[in-house]
Each structure stands twice: as C-alpha cells, then as structure tokens.
Amino acid sequence: MSNQLTPPEFLSHLNLPNPNDPSPSNPHITLTWAQSLDFRIAGERGKRVILSGEESMLMTHWMRSMHQAILVGIGTVLLDDPRLQINLLPSSPTLLPPQPLILDPKLRFPPTTKLQIEWNSRSLRPPGSVCQPWILCGEEVSKERISSAEENGARVIPISLVDGRISPQTLPSIMTQLGLSSVMIEGGSRVLSSFLHARRQDGSSLVDRVVVTVAPTFIGNGIGVVPLGEEESLPELINLHTEIMGKDAVMVCKVR
Ligand SMILES: NC(=O)C1=CN([C@@H]2O[C@H](COP(=O)(O)OP(=O)(O)OC[C@H]3O[C@@H](n4cnc5c(N)ncnc54)[C@H](O)[C@@H]3O)[C@@H](O)[C@H]2O)C=CC1
Ligand SMILES: Nc1nc(O)c(N)c(N[C@@H]2O[C@H](COP(=O)(O)O)[C@@H](O)[C@H]2O)n1
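Residues numbered from 1 in each chain as written. Chains lettered and ligands numbered in written order. Predicted model: local features only at pLDDT ≥ 70, side-chain atom pairs only at ≥ 80, totals over all residues. Heavy atoms only, no water.

Selection rule: UniProt positions are given in the numbering used here, feature names are shortened, and annotations may be inferred rather than shown by experiment.
The name an unreviewed UniProt entry gives the protein chain is 2,5-diamino-6-ribosylamino-4(3H)-pyrimidinone 5'-phosphate reductase, with Tremella mesenterica as the organism. Comment text from UniProt for the protein chain, heading Pathway (unreviewed entry), reads "Cofactor biosynthesis; riboflavin biosynthesis." Comment text from UniProt for the protein chain, heading Sequence similarities (unreviewed entry), reads "Belongs to the HTP reductase family."

Put into structure tokens, the structure is as follows:
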C-alpha cells in the first residue's frame, strides 16, 4: 500500500468530469491497458502477465479510483479473475472503488469469481469498500439464467445486442441510465478493439482518453492489444503526455 495521498499529477490530462456534477449526457470513457514492446497484453492462451511495475500499477489503481465505473469483457473475467479493486491505495473513506461493469452477452459470469465472492462477503469489509458486480448481457438470455446470477449476488442488466455484442455506442446511454458519469475500460483484447474503433454519430471517437502503459518486455506468442487482423484500421492517437514511471512509460493520448 502506498503513502502517496493524491493521484499522480499528469492524470489531470484525463480531463474527467467533476464527480460532484450531475451525470453528464456524454459519460467520459477512458480506455487503458498495459502492453509489451511487441504489442501484447497477455501470454499464450491468454495467460495473465504482470507487465506494469510497482509505480505504474499504483497509477492504474489511482485511475480506477478517479472513475465511477470500471469495465472489462467476460473474456478477461474468465481468464484473469480480476478484483478490479483499489487495494494499492492508502485506505481512506474518500477513496472508493469504481463500480464493476462486465460485458457478458451470454451471461457466462460464474459465481466463483473474486468479484462475486468479495461482494458476497462485504459484511466483513469496511462499508463501501467493495461493489456489486453489474453484468450487461443480451436480452435473449433466459430468465432462469438471469435469476440464477442474481441469486448468486450479481446485478444483471439485459440489453439488446448488435451482432451478438454489446455495441460500444450504446454504452453512454446505459451509463447515463445507471447514473454513472465516467468509466475506465481495462480490456481485454476484443473489448479494447471494439472501443478503439468506435465512433460517435458526428464521427468523433467514442473514447475520450487512452492511457497505455508500455513495459520494456517482449512476450512473443500471446494476446495482442487487439485481435489478429484488427490492427490495420486502428485510429491515430495524439499523445498528450508521456510519464516515465519506474521502468515503464505511461502515455495519455486522445484518439483522432
Ligand atoms: N495487459 C492488460 O492491460 C490487460 C490484459 N488483458 C488480457 O486480455 C485477455 C482477454 O481478452 P479477450 O479474450 O479478447 O476478452 P475480453 O475481455 O475482450 O472479452 C471478450 C468478450 O466480451 C464480449 N463482448 C461484449 N461486448 C463486446 C464488445 N463491444 N466488444 C468486444 N467484446 C464484447 C464478447 O462477446 C466476448 O465474449 C486476457 O488474456 C487478459 O489477460 C485484459 C485486460 C487488461
Ligand atoms: N495495469 C495493468 N498492468 C498489468 O500488467 C496487467 N496485467 C493489467 N491487467 C488488468 O488488471 C486486471 C487485474 O487487476 P486486479 O488483480 O484486479 O487488480 C486484469 O484483469 C486486467 O484488466 N493491468
């Protein structure tokens, strides 16, 4: 746990909405990941790799605390079993974890995940220090399956799918309905790709900021930042700030 009481100053480049403002109509979207020098975010068959050093991992927890929600795809939940907590930050009643949102079209979310187990044992923890997992699934998921996930302690939000997926363009309105004004999207590969490619109706990027931690490591065989074949049409990024954090370089960018 860190003794540093405030987030790294360069995170002001995220340009987040004031948390005291009522939910804006366009919730803020930050896309973030940690990658190797060879554009990988995980090892063979999706095995989790710790790429971030101590300093940049701490920065990631600060970013989590600055957003109202944190979003990952079900692929990441099944492969990494993440906690999505802010456990590296000093304990303080003013530092709260973000609301976890899982994109899970078929509602595969198992009751054995750390996210679920930690929520179900919340009475053992300080109030507000753990959030209920909220799962966005397809409307066609059976009532039985939804009831079962809810009985296990998750909140399930059925929404209409586009090509079998939760369309990135629907996320802002879902977030507004849920009263969430900012989200940090942490991956994995397929989710990063669909949001990097996503545009608003006026042609601008759906994503407000991209924060990339680059670790001086080669992974070789592994999972790319975006799936194979989806690299060609990636948008151009405009660098707003680069911070050296320990062994890593952290870049805050805008999407052109
Ligand atoms: N180094 C890093 O920063 C991170 C690495 N990872 C790695 O990423 C890997 C998991 O990536 P993936 O298998 O691609 O899983 P993923 O986490 O991207 O989830 C993909 C699933 O989400 C569903 N989905 C719903 N809406 C979607 C949308 N709009 N776009 C894309 N998918 C949508 C898909 O149907 C699919 O089942 C793991 O190996 C994990 O370790 C994950 C997060 C961060
Ligand atoms: N910032 C960062 N650096 C890495 O090296 C990583 N492997 C990740 N992965 C992301 O963090 C999630 C797990 O975090 P917790 O254990 O819950 O704190 C993982 O699922 C990825 O989303 N991130």
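**Some thoughts on the UniProt feature "domain: Bacterial bifunctional deaminase-reductase C-terminal" (unreviewed entry) in the protein chain**
Rules: Helix and strand definitions follow DSSP, with helices as H or I runs of at least four residues and strands as E runs of at least two, each counted in order from the N terminus.
Mapped onto this structure's residue numbering, the UniProt feature "domain: Bacterial bifunctional deaminase-reductase C-terminal" (unreviewed entry) falls at residues 27–250. Counting secondary structure, residues 27–250 comes out at 24% helix and 25% strand; the distance between its end C-alpha atoms is 23 Å.

**Description of the site of ligand 2**
Note the cut-off: We call a residue near a molecule or strand whenever a single non-hydrogen atom of that residue lies within 4 Å of it. Here a polar contact means two N or O atoms within 3.5 Å. Within protein one must be a hydrogen donor candidate and the other an acceptor candidate, and residues neighboring in sequence count only if both atoms are side-chain atoms. Residue burial considers only the protein chains on display, and all accessible areas are found by Shrake-Rupley using a 1.4 Å probe.
Around ligand 2, a shell composed of 16 residues is seen, among which L51, S52, R83, L84 and E186 lie nearest. Contact between ligand 2 and S52: a nitrogen atom at 2.6 Å from a side-chain N or O atom of the residue. Residue E186 places a side-chain N or O atom 2.8 Å away from an oxygen atom belonging to ligand 2. Summarising the interface, the protein chains cover 88% of the accessible area of ligand 2, which totals 520 Å² for the free molecule. For the shell around ligand 2, the secondary-structure elements that each account for two or more residues are α1 (54–66) and α2 (74–80). Top contributing element to the shell around ligand 2 by residue count: α1, with 4 residues.

**A look at the pattern of salt bridges**
Put simply, the rule is: Put simply, a salt bridge is a Lys or Arg side-chain nitrogen that is within 4 Å of an Asp or Glu carboxyl oxygen. When a residue's accessible area, from a 1.4 Å probe over protein chains only, is under 20% of the maximum for its type it is buried; when over 50% it is exposed; and in between it is partly exposed.
Across all of its chains, the model carries 5 salt bridges by this definition. R200 is the salt-bridge partner of D208, the closest N and O atoms lying 3.9 Å from each other. Residue classification places D208 among the partly exposed residues on the basis of a relative accessible area of 24%. Close ionic contact of R256 with E236 constitutes a salt bridge, the shortest N to O distance being 3.3 Å. Taken together, the residues span a long stretch of sequence, with R256 in the segment after β11 (248–255) and E236 in the loop between β9 (223–224) and β10 (237–245) at a distance of 20 residues.

**Considerations on the sheet that holds strand β1 (residues 28–35)**
Stated formally: Any two strands between which DSSP finds at least two bridges are classified as paired. Every angle, taken between N-to-C directions, lies between 0 and 180 degrees, and every axis is a line fitted to C-alpha atoms, over only the stretch in contact when it is a helix.
Pairing is mixed across the open sheet formed by 9 strands, whose spatial order is β6-β5-β4-β3-β7-β1-β8-β11-β10. Either end of the sheet is taken by a strand with one partner, and the two such strands are β6 (155–159) and β10. Averaged over all neighbouring strand pairs, the angle between strand axes comes to 25°, with direction disregarded. The pairing of strand β3 (residues 69–73) with strand β4 (residues 99–103) spans 5 bridges and is parallel. Within β4, the position partnered with A69 by the bridge is Q99.

**Observations regarding the site of ligand 1**
Cut-off, in case you're wondering: Lys, Arg, Asp and Glu make up the charged group, whereas Ala, Val, Leu, Ile, Met, Phe, Trp, Tyr, Cys and Pro make up the nonpolar group; the residues left over, Gly among them, are polar.
Around ligand 1 lies a shell of 24 residues, among which G46, T76, D80, I166 and S194 are the nearest. In the model, an oxygen atom of ligand 1 is placed 3.4 Å from a nitrogen or oxygen of the G73 main chain. Taking I166, its main chain carries an N or O atom lying 2.7 Å from a nitrogen atom of ligand 1. Starting from 860 Å² of accessible surface for ligand 1 in isolation, the protein chains cover 91%. For the shell around ligand 1, the secondary-structure elements that each account for two or more residues are β1, β2 (40–42), α2, β7 (182–187) and α6 (189–197). The element that contributes the greatest number of residues to the shell around ligand 1 is α2, accounting for 5 residues. Looking at the shell around ligand 1 residue by residue, the class counts come to 11 nonpolar, 8 polar and 5 charged.

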